[in-house]
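# Close look at the chain arrangement
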There are 2 protein chains.
Amino acid sequence: MDQISTLPGESPVLPKLFQPEIEDIKERILVRIRPDLERIETEMNRLLTTSVPLISVVGRYILRSGGKRLRPLLMILSARLCGYRGNRDVPLSVVFEFLHAASLLHDDVVDHAELRRSKPAANTIWGNPAVVLVGDFLYSKAILMTVGYDNMRILEVLSQATTLMSEGEVLQMVRSDDLEVEEKEYLEIITRKTAVLISAACHIGAIFGGGGAEEESALRSFGLSLGLAFQLIDDALDYMGSPNELGKPVGNDLREGKATLPLICALMNGRSAEKNRLREIFSGEEITQEAFDEIRNLVIRSGGIEYTQRLAMEYVQKAKAALHIFPSNPTKTLLCDMADYVIYRRV
Amino acid sequence: MDQISTLPGESPVLPKLFQPEIEDIKERILVRIRPDLERIETEMNRLLTTSVPLISVVGRYILRSGGKRLRPLLMILSARLCGYRGNRDVPLSVVFEFLHAASLLHDDVVDHAELRRSKPAANTIWGNPAVVLVGDFLYSKAILMTVGYDNMRILEVLSQATTLMSEGEVLQMVRSDDLEVEEKEYLEIITRKTAVLISAACHIGAIFGGGGAEEESALRSFGLSLGLAFQLIDDALDYMGSPNELGKPVGNDLREGKATLPLICALMNGRSAEKNRLREIFSGEEITQEAFDEIRNLVIRSGGIEYTQRLAMEYVQKAKAALHIFPSNPTKTLLCDMADYVIYRRV
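Residues numbered from 1 in each chain as written. Chains lettered and ligands numbered in written order. Predicted model: local features only at pLDDT ≥ 70, side-chain atom pairs only at ≥ 80, totals over all residues.

### Topic: the overall build of chain A
- Of the regular secondary structure elements, chain A holds 15 helices and two strands.
- At 20 Å, chain A has a C-alpha radius of gyration in line with the 20 Å of a compact globule built from 347 residues.
- In terms of principal-axis extent, the alpha carbons of chain A reach across some 60 × 45 × 35 Å.
- Across the 347 residues of chain A, 50% fall into the buried class.
- Pairs at least 24 residues apart make up 76% of the contacts formed inside chain A by residues separated by at least 6 positions. (Helix = DSSP H or I, 4+ residues; strand = E, 2+ residues; numbered from the N terminus. Rg over C-alpha atoms; globule rule 2.2 N^0.38 Å. Buried ≥ 20, exposed ≤ 12 C-beta atoms within 10 Å, placed from the backbone. Contact = placed C-beta atoms within 7 Å.)

### Brief notes about helix α3 (residues 70–81) of chain A
Residue and element names in this part refer to chain A.
- Between the first and last C-alpha of α3 there are 16 Å, a value that for 12 residues agrees with the 16 Å anticipated at 1.5 Å per step.
- Of all 12 residues that make up α3, 11 are buried, and the element is covered over most of its length.
- For α3, every residue scored as buried is listed here: Arg71, Pro72, Leu73, Leu74, Met75, Ile76, Leu77, Ser78, Ala79, Arg80 and Leu81.
- Trailing α3 by a residue or two, Gly83 shows a phi angle of about 105°, which is positive. (Expected span 1.5 Å × (residues − 1).)

### Topic: the relation of the copies chain B and chain A
- Turning chain B through 180° and shifting it by 0.0 Å along the axis lays it on chain A, with an RMSD of 0.0 Å. Within this description, the copies of the chain are treated as partners about a two-fold rotation axis.
- Comparing contact sets, 100% of the residues at the interface of chain B also lie at the interface in chain A, consistent with an isologous, same-surface contact. (Least-squares fit on C-alpha atoms with pLDDT ≥ 70 in both.)

### With respect to the interface of chain B and chain A
- Counting from both sides, the interface comprises 37 residues of chain B and, opposite them, 37 residues of chain A.
- Elements that contribute at least two residues to the side of chain B that touches chain A include exactly α2 (53–63), α4 (89–111), α5 (122–147) and α6 (152–174) of chain B.
- Here the residues of the side of chain B that touches chain A sort into 21 nonpolar, 10 polar and six charged. (Nonpolar A, V, L, I, M, F, W, Y, C, P; charged D, E, K, R; others polar.)

### Here's the deal with the packing of helix α3 (residues 70–81) of chain B against helix α15 (residues 330–344) of chain B
Residue and element names in this part refer to chain B.
- As a packed pair, α3 and α15 sit with axes 9 Å apart at the nearest point and diverge in direction by 145°. Seen from above, α3 lies across α15 with left-handed handedness. Contacts between α3 and α15 involve Leu77, Arg80 and Leu81 on the former and, on the latter, Thr331, Lys332, Leu334 and Leu335.
- Here the residues of the contact of α3 with α15 are counted per class, giving four nonpolar, one polar and two charged. (Axes fitted to C-alpha atoms, helices over the stretch in contact; angles between N-to-C directions. Left-handed = near helix turned anticlockwise from the far one by under 90°.)

### Considering the packing of helix α8 (residues 213–237) of chain A against helix α15 (residues 330–344) of chain A
All names here are of chain A.
- Direction vectors running N to C along α8 and α15 enclose 20°, while the axes themselves pass 8 Å from each other. Classified by the angle between their axes, α8 and α15 sit roughly parallel to one another. Seen from above, α8 lies across α15 with left-handed handedness. Contacts from Leu226, Ala229, Phe230 and Ile233 of α8 reach α15 at Ala339, Val342 and Ile343.
- When grouped by side-chain class, the residues that make up the contact of α8 with α15 number seven nonpolar, no polar and no charged. (Parallel < 35°, antiparallel > 145°, perpendicular 65-115°, else oblique.)

### Notes on unusual backbone geometry
Residue and element names in this part refer to chain B.
- Here the phi dihedral of Arg69 falls at roughly 55°; this positive angle occurs in a residue that is not glycine.
- Along the chain, Arg69 falls in the loop between α2 and α3.
- With phi around 55°, Asp150 is a residue other than glycine that occupies positive phi space.

### Observations regarding the confidence of the model for chain A
Residues and elements named next belong to chain A.
- Mean pLDDT over chain A works out to 87, with 91% of the residues at or above the 70 mark.
- No element of chain A has a lower mean pLDDT than helix α9 (residues 243–246), which averages 49, and none a higher one than α3, which averages 98.
- Contacts for the low-pLDDT stretch residues 1–13, under 50 throughout, to residues beyond four places or in other chains number 21 contacts. (pLDDT = per-residue confidence, 0-100.)

### Concerning the environment of Ala130 of chain A
- The topology assignment puts Ala130 of chain A in helix α5 (residues 122–147).
- According to the C-beta neighbour criterion, Ala130 of chain A is buried, with 21 such atoms within 10 Å.
- The contacts of Ala130 of chain A, once residues within four sequence positions are left out, are Leu54 and Val58 of chain A together with Met173 of chain B.

### A few points about the environment of Ile204 of chain B
Residue and element names in this part refer to chain B.
- Following the sequence through the fold, Ile204 ends up in helix α7 (residues 183–208).
- C-alpha separation for the pair Ile204 and Arg277, spaced 73 residues apart in sequence, amounts to 46 Å.
- Those residues in contact with Ile204 that sit more than four places away from it in its chain are Met75, Ile154, Val157 and Leu158.

This is the structure we're talking about:
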């Protein structure tokens, strides 16, 4: 692993893509997804109306806390790539945002989070009981909505994904506060907790859109690689961005005792004294800002962030390559742009 | 409402059925359900084997904490009543025990419970995070198992039930610490939180067993009424049994701020001074054993327990009446015996 050319404490600079070009990609994506985004928001609001007001209130709070609607968009675009033209895609796409929101709500309880995307975490406002139960509601509602599509294959892919996801969440919890996680196990955890649902969104888009076995397989792979890249970048950003940019305090993973790839790298590549210092801080009671800065410097010096970003880039390449079976068209370009943006995003 | 003939602090005596006869019914039921119970236990153990050991450990703990397997048994017997003869009923029946266990785990987090059926509640051993996530796993796994049956109607009934259930849980939470719940709203809450799943078990048994629309409707009604009776008796027992008998400390509902029917009755029928005293204790910080005994005496004097039991008996009659379309046979007799036993059980 190469040493990188930044000073301690400074974030590594991403190669190849210049800032203006990132803004171009972002703008290009935004213009083209706007109509779909608006359909998703309208439908989500409609579906959150229940006879129990607290459910709507907590549900709207978590769903309006700045989510990127990545999963619904991917489902809609995957269906479109397979030839679907119609309006029934939107309610099915919302299923993925509901499942994602349910898992965020339960994560906040599990992690004792106080902030999510710069806003107070739902459990700090309504308490753990409400957050657990509204999470359960969103999950049940998502399954009920999917059942309405009367397609057993979609239900099969979805329920396999949610079962793997919940196993992944338990796995992550079991391994928290444990620094001896290896890259392979880390990848297994992020596959389950993030990539599997994103993959299911793309795969189900293909099934719903009438794609054949080849299209299904291509979009499932696309989603899986994209999901891995997405989580890798998330984990790198936790050692990089300022709290304002990321919307959550930097160093969250470390404070929650999660050993993510940047840290795993530092442990693999650091000098013996550095490793000992790292273990000492990690196993301490509370991690101060100074201690976090110290670990961050170690992580940067060890090349941990760059390594994580490079791996993410490889997955983005793999994701885009999986779409080679589809002819060039605007939807495919958009999906590839979204994959690129996953890497260069700062939030 | 009649006044009943017990001294303050003494539990009201159930009418009509003598203790030996209760034991007879219990024995008769046990002998006949034993083979099914054994099949259920074996299958449940098999299905709890996952790649994540903590899931199996917590799952087995909650599933072995003395559950009566009422829901799986009702599903199996409903299918049999509709003519099903085979072995594929058991894995489907376990779905209902998994869903029930998931909801118990999340309830323990919501209620900050310390005991469940005389054993420490799972969250006191493994903590809220593990309990929330293992609950999520059991729920996901239950849906995945149901999908394996490739029957969209079963999935429809099941996902409607779980959505209503989770709404009911939120509703109950919202109304906790509120004494001004009326009988109608109380019945709405227990319908959703308990009766809907028991009804779904019977209804799905009918669908799986190949029953027609009439059989489905009869078993759905049977389950709904039986579920209501079951919860009514549960709520009455919380003011009656000794902790040893019931397996959880008496007065739990009161301590958790749940106004159940016995208490609602006391509030309707008590004298003005009694009502004020009741409100005072209910809204206090902590309810001591003395305060609970005082409330219990008020509840008994007001006829609250007897009223709750009588309503439960009416629902049991209604449940049994719903089965009139089926010819007399041993399975029907067993279902009716189980319905009777719901009333006379002490645990």
